[in-house]
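Chain residues, written in single-letter form:
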Amino acid sequence: MKLSLKAVLLPLLCGVAVSAYAADRVFTSYASAKPVLDQAGDALPAELRNTNEAKWNAWSRRQDKAIRARLRQGDLDSMANLLLYGTSFTKQPRIRVEALTEASKAGILRARVDDLVAGLRSPGDNERLGFLNRLLRSHGIDPSDPGETGVFIYDNLRRVIQEMAIFSRRSEDAKRLTQPDGTPDPAAIFNWRAGLLQDRGVSLDTSIFPNFSIEQTLRDLKDRGVLREGQVTRVAVIGPGLDFSDKNEASSYDYYPQQTLQPFALYDTLLRLGLARGNALSMSIFDISSRVIDHIQHARERASSNAPANTGYVIQLPREVQEGNRWPSDLVAYWRSLGDRVGAEVAALRPPPIFQPINGVEGLETRAIRIRPDVVLHCEPVDLNIVLERINLGEVDRFDLIVGTNIFIYYDAFERSLALENAGAMLKHGGLLLTNDRLPEIPGGSMREAGLTQVRSTRDAVGWYQKR
């Protein structure tokens, strides 16, 4: 793909995220999808049996809209997480899901709902509450009506708890996936979790843990000689997420502004391991969420040379250090070094009192990193549905590495096969896709599963899929 001088320089000169790929983004053609269609077997959707080009084109566009619509359901899931774990709108104790009944009897749940209703009615400068205010209105709920809003919040929480109960029953299977010494088996879990959330909303929530898994995997690939120093110049991240309110109580915080972590964590890792050179690395960020795209665009605008002095992108890195939530030493070491190649430490935001030490028991340890403007400007957001879209690239412009964690868990086997082939179309020969979800490869396809890195500290495993 040939880029004009303007397309290359404009984002760097003014900080505006003008995608150089917009004109080259296309839906997967019928010819490109046919190998997957032919091999899908029972996984093939009923609408695509005995298909032709016209049927495929119509289905892929309907499915694209359906996938994007799942973001709204994921946002409602995040609202339930905020209700239980949020601290920016209430002084009530956080509620663990397993303690929900007791919290309800004690009046804590009701108090949290009342506080959230009040916050949604007058969100002020709280960006999470402002977003949820607009989300409720899109569902026909008037946040100024406390009765209507409260009923909606309770009903939404009830739905999420019911879905979590189903998920919990499925998770019982994972507890039996152990190694001979009785510890969890990351490789078995890698296979088990594939497509686990295919019938739930697509959530943007994220945390530090998958980034640690990716660093461990890239270190493993370097040690094995699969990747060499300075090899990575073009990298893409699929669905990096936005830190809204995670499902996991131990990593769910809303006392700091929303942030995206994975692009900068990956950039940092590639420099730390010597797999990339800072002035030669460019990163594309693929997402279907306008919230993520807009968030990164605004970060690039603030990082431009025209922005006020000292304006930058700051990531907050809290970690819980209470007894029972101790991190393994290698994960702590990663947390302490994260960001040192892409920015500098700054004063972290102070957590609210609920996280402060009580009776000598520690609450949160915090760090914050201001990402350098040049790093932010090297990260370009692109609206792209990896299941059904790709970017037409010449070999020289293709990616050396694509990373997607906790993304493919939302898709069935057929969709995951399509995504794998779309990733392959954008990779250089020998290029790698790293993911912690198994993707079904097809005979004769462009991608093959080349290996697996087990990350015991996070009970995770990351598969390497390589362009043939």
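Predicted model, so just to flag it, every value in this text is computed and none were measured.

Before going further, it helps to spend a moment on the overall build of the protein chain. The helix and strand inventory of the protein chain stands at 14 helices and 14 strands. Here the C-alpha atoms of the protein chain give a radius of gyration of 22 Å, agreeing with the 23 Å that 2.2 N^0.38 yields for 468 residues. For the C-alpha atoms alone, the extent of the protein chain along its principal axes is close to 60 × 55 × 50 Å. Of all 468 residues assigned to the protein chain, the portion counted as buried reaches 55%. Taking contacts inside the protein chain between residues at least 6 apart in sequence as the whole, the part at least 24 apart equals 77%. With the model as given, the accessible surface of the protein chain reaches about 20,000 Å², and the carbon-plus-sulfur share is 51%. In the protein chain, which carries 59 positive and 58 negative side-chain charges, the distance between the mean positions of the two groups comes to 2 Å.

Moving on, we get to the side chain of S446. Assignment of secondary structure puts S446 in the loop between β12 (427–435) and β13 (447–455). Since its relative accessible area comes to 19%, S446 is described here as buried. Side-chain polar atoms of S446 contact the side chain of E421, separated by 3.0 Å. Setting aside residues no more than four positions away along its own chain, S446 makes contact with E421, G424, Q466, K467 and R468.

What follows is about the packing of aromatic side chains. Per the stated rule, a full pass over the model turns up 11 aromatic pairs. Pairing F209 with W327 gives two aromatic rings, centres 5.4 Å apart and planes at 65°, and the pair type is edge-to-face. Taken together, the residues span a long stretch of sequence, with F209 in helix α9 (residues 209–224) and W327 in the loop between β5 (319–320) and α12 (329–337) at a distance of 118 residues. Judged by relative accessible area, F209 falls into the partly exposed class, the value being 21%. Arranged with centres 5.4 Å apart and planes meeting at 75°, the rings of Y253 and F355 form a pair that is edge-to-face. Of this pair, Y253 sits in the loop between β2 (234–238) and α10 (262–272) while F355 sits in the loop between β6 (343–345) and β7 (364–365); the two residues are 102 residues apart in sequence, bridging distant segments of the chain. The pair Y253 / F355 is uniform in exposure class, with both members buried. The rings of Y253, Y255, Y256 and F355 are connected pair by pair, giving a single aromatic cluster. The ring of W335 has R319 sitting right over it, with the charged end atom 4.9 Å from the ring centre. Directly above the aromatic system of W335 lies the positively charged group of R367, at a separation of 5.8 Å from the ring centroid.

Cut-offs used in this document
- By convention here, each chain's residues receive numbers from 1 onward along its written sequence.
- Since the coordinates come from a predicted model, pLDDT governs what is reported: local features require at least 70, and pairs of side-chain atoms require 80 or more to be given and counted, while whole-chain, interface and lining totals use all residues.
- Side-chain measures here rest on the full set of heavy atoms in the structure, leaving out hydrogens and waters.
- In this description a helix means any DSSP run of H or I spanning at least four residues, a strand means any run of E spanning at least two, and both kinds are numbered starting from the N terminus.
- Throughout, radius of gyration means the C-alpha value; the globule benchmark is 2.2 Å times the number of residues raised to the power 0.38.
- Only protein chains enter the area calculation, which uses a 1.4 Å probe; residues under 20% of their type maximum are buried, those over 50% are exposed, and those in between are partly exposed.
- Contacts are residue-level and defined by heavy atoms, with any inter-residue pair within 4.5 Å sufficient.
- Accessibility throughout is a Shrake-Rupley quantity obtained with a 1.4 Å probe, and a residue counts as covered only by protein chains that appear here.
- Residues scored as charged are limited to Lys and Arg (positive) and Asp and Glu (negative), so that His and the chain ends carry no count.
- We put the charge of a Lys on NZ, of an Arg on CZ, of an Asp on CG and of a Glu on CD.
- In protein, a polar contact means a hydrogen-donor-capable atom and an acceptor-capable atom, both N or O and within 3.5 Å, with residues adjacent in sequence counting only if both atoms are side-chain atoms; elsewhere, any N or O pair within 3.5 Å suffices.
- For Phe, Tyr and Trp, rings pair up if their centres lie within 6.5 Å, where Trp contributes its six-membered ring, and each pair is then called stacked (planes under 30 degrees apart), edge-to-face (over 60) or tilted (otherwise).
- We count a charge as sitting over a ring when the NZ of a lysine or the CZ of an arginine lies within 6 Å of the ring centre and within 35 degrees of the ring normal.

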